[in-house]
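# Architecture and fold: a report
For reference, the chains in residue letters:
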Amino acid sequence: MNNNEKMKAANSDLEALGIRTGGTVYRNLPEAQLAEMAVCRNEATLSSTGALCADTGEFTGRSPEDKFFVNDELTRDAIWWEGDFNHPVSPETFERMLDKMTGWLSGKDLFVSDLFACADERYRINLTAITTTAIHNLFSRNMFIRPSAEELEKFSTGFTVICAPDFEADPATDGVPHKNFALINLSRKIILVGGTGYTGEIKKGIFSVLNFNLPHLEKVMSMHCSANIGKAGDTAVFFGLSGTGKTTLSADPERSLIGDDEHGWSDTGVFNFEGGCYAKVIRLSKEQEPEIWDAVKFGAIVENTRYYPGTRKINYEDTSVTENTRVSYPLNHIPNAKVPSVGGIPKNIFFLASDSFGVFPPISKLSPEQAMFHFVSGYTAKVAGTEMGVKEPKPTFSTCFGAPFMPLHPSKYAELLGKKIKENEVKIWLVNTGWTGGKYGTGKRMKLDYTRAMITAALNGELDNVNYHEHPNFGFMIPETCPNVPAEILDTRNTWADKDAYDSQADELAGMFLKNFEKFSAEADEAIKKGAPKVREEA
């Protein structure tokens, strides 16, 4: 077989999709070559650390309203279509978009990488990322698991992700509302991403697939969380929405990192879906987050940042493009990353909430029922300035701490979590990384050093035998002492000058939780309902 025949055979999967490979197909290029091509093609610049800096264009974040699942026999009765983020599209619309997109790609230069998702080989899926840019292909190689040369020899395509930022839909004829789109066909095992340069659409597309397949078909708990493991082999899991500290708190120099964003929990333990990290870098500092700071080196991609004038030094304080500045890098950029990225059954689970209402205590212990309720709720709070029009703290409820990526009804994930918690006697902690002493504008942000100390104490078992008291609204248990943390801050009510104002705010927040839960209550079991907070009766 000559070189042309070999190349044609290697790219037969592209031809099968309808892509006529008239241009150059760069398949499984080394990361250094992809980085070099990204710079030469003006897709990125080289920073002083060796990391690439790239802009994602008009879209600096995901667009959940433009993500669609194909509504067919496989998904029709399985996906929770009533949710805010699971939008249906017909098989016919998908096929028309696929034909149009592959026709547009035909004859163009393409970058292709064959990769894995899931560190546990029992649940591993093969995926092929086809992109029109070197930077998006390097991102894919950063975020997923790279096969060995031997594994590539026998690799066969499972899921295909086609990402073409410059290919835009026509809302008038293509059956989607905007020029940008992400279409997921679970039956055909194809994801189409177009009209957006935001790289996160690639990884979250595969995450959405796993969130359908694993709990629905394999009974594996899929989780939007970070995870690490101690020297004694104890695994910890950290759930939290963006900005709550999920990546920061799991990057612990005393523990090995399993992963920072997406995991499964099987009968034997926790495993990473990915092969890399995608961390926020807004106001990144070496003092506060040394592991992430040091990971920003050659091979990493920093998105939507700016340099200090006249230099190639990244200015992490600059929010002129977006607050959602990020860096992607392979797990091996973290010195103490766990290889392979698997751990045992978790002993501790932390729910992270940045509570800008200043109600939640800095750490508290939850019952299994409360854990299920708070998991379905997925609470954090936005502060003024993070979104247009936000002037006061704004509650955000994202089911399972990842609503845009959860195709099934939230109660399915919560019930599976509750079952695993009870079977394995896992300790559940709620950690407030937000405000204390008052709500945003009056109080102060919880000190990161205190948060780290509380998590360390929980992991070391130092909170197992201390005295606790119950929160009157939420019912979770508040420790009265914690090593290396002032006792007076452990109950947030004590930090408010106006105790009546605290009580009123706690009642209000509890009411917000109850209002949010109304849309789930019909399908939620009694255990989840039992974990709900209550509003105090007026005296």
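In this report, the structure presented in the accompanying data block is examined. As the structure is a computational prediction, the values presented were derived from the model and not from experiment.

One key point about sheets: their strands pair by backbone hydrogen bonds, in either a parallel or an antiparallel sense. The five strands are arranged 2-3-17-20-16 in an open sheet whose pairing can be described as mixed. The outermost strands of the open sheet, each flanked by one partner alone, are strand 2 (45-46) and strand 16 (276-280). Strand direction decides the pairing type here: strand 17 (residues 301-303) and strand 20 (residues 326-330), joined by three bridges, are antiparallel. Within strand 20, the residue paired with E303 across the bridge is R326.

For the rest of this paragraph, the subject is the layout of surface pockets. For the second largest pocket, the calculated volume is near 370 Å³. For the second largest pocket, the lining is made up of 19 residues, of which I145, R146, G275, V339 and S341 are closest to its centre. A breakdown of the residues in the lining of the second largest pocket according to their chemical character gives nine nonpolar, three polar and seven charged.

Let's shift gears to the packing of aromatic side chains. Where two aromatic rings form a pair, the distance of their centres and the angle of their planes describe that pair. Taken as a whole, this structure holds 33 aromatic pairs when the rule is applied. With a centroid separation of 6.1 Å and an interplanar angle of 35°, the aromatic rings of F360 and F513 are classed as tilted. Taken as a pair, F360 in the loop between strand 21 (346-353) and strand 22 (363-366) and F513 in helix 13 (residues 499-517) lie far apart in primary sequence, 153 residues in all. Directly above the aromatic system of W104 lies the positively charged group of K108, at a separation of 4.3 Å from the ring centroid. Here R326 stacks its cationic end above the ring of Y278, 5.0 Å away from the centre of that ring.

As a further point, take empty space enclosed by the protein. In the structure shown here, the tally under the stated rule is three cavities of 30 Å³ or more. In this structure, the largest cavity encloses a volume near 100 Å³. In terms of lining residues, the largest cavity is bounded by 13 residues, among which R62, K67, E201, K204 and F405 are the most central. Those elements that provide at least two residues to the lining of the largest cavity are strand 9 (181-185) and helix 7 (200-218). Here the lining of the largest cavity gets four residues from one element, more than from any other, and that element is helix 7. A class-by-class count of the residues in the lining of the largest cavity yields six nonpolar, three polar and four charged. Here the lining of the second largest cavity takes three residues from strand 21, the largest share from any one element.

Further remarks concern the nonpolar core. Generally speaking, nonpolar side chains in soluble globular proteins are found buried as a group. Counting 99 residues, the largest nonpolar core has I206, F239, I349, F351, F360, F375 and L509 as its most contacted members. Residues in contact with F360, not counting those within four places in the same chain, are A353, D355, H374, Y379, L430, N432, F474, F476, T492, L509 and F513. Among the nonpolar cores identified, the runner-up in size contains 24 residues, and I19, L110, V112 and V176 belong to it.

Before going further, it helps to spend a moment on the sheet that holds strand 4 (residues 67-70). Taken together, the eight strands give an open sheet; going across it, the order is 1-6-7-8-10-9-4-5, and neighbouring strands pair in mixed fashion. Each edge of the open sheet carries a strand with a single partner, namely strand 1 (25-27) and strand 5 (87-89). Averaged over all pairs of adjacent strands, the angle between their axes in this sheet comes to 20°, without regard to strand direction. As judged from the three bridges shared by strand 4 and strand 5, these two strands associate in the parallel manner. Counterpart to F68 in the pairing with strand 5 is H87. Each of strand 4, strand 5, strand 6 (110-117), strand 8 (159-164), strand 9 and strand 10 (190-194) touches helix 4 (residues 91-105); the most contacted strand, strand 10, lies at about 65° to it.

Take the pairing of strand 6 next. By the criterion of burial, strand 6 is predominantly enclosed, with eight of the eight residues buried. Where burial is concerned, the two faces of strand 6 agree: the one with L110, V112, D114 and F116 and the one with F111, S113, L115 and A117 are both buried. Pairing geometry for strand 1 and strand 6, over three bridges, is parallel. In the strand pairing of strand 6, Y26 is matched with F111. Pairing between strand 6 and strand 7 (residues 125-131): seven bridges, direction antiparallel. If you follow A117 over to strand 7, its bridge partner there is I125.

Basis of the calculations
Residues numbered from 1 in each chain as written. Predicted model: local features only at pLDDT ≥ 70, side-chain atom pairs only at ≥ 80, totals over all residues. Heavy atoms only, no water. Pairing = 2+ DSSP bridges. Helix = DSSP H or I, 4+ residues; strand = E, 2+ residues; numbered from the N terminus. 1 Å grid on protein atoms, 1.4 Å probe; cavity = no way out; pocket = protein on both sides within 12 Å on 5 of 7 lines; lining within 4 Å. Points joined across faces, edges and corners; volume = space filled by probe spheres on them. Nonpolar A, V, L, I, M, F, W, Y, C, P; charged D, E, K, R; others polar. Phe/Tyr/Trp six-rings, centres within 6.5 Å; stacked < 30°, edge-to-face > 60°. Lys NZ or Arg CZ within 6 Å of the ring centre and 35° of its normal. Core = buried A, V, L, I, M, F, W, Y, C linked by side-chain atoms within 4.5 Å. Buried < 20%, exposed > 50% of the residue type's maximum accessible area, 1.4 Å probe, protein only. Contact = heavy atoms within 4.5 Å. Axes fitted to C-alpha atoms, helices over the stretch in contact; angles between N-to-C directions.

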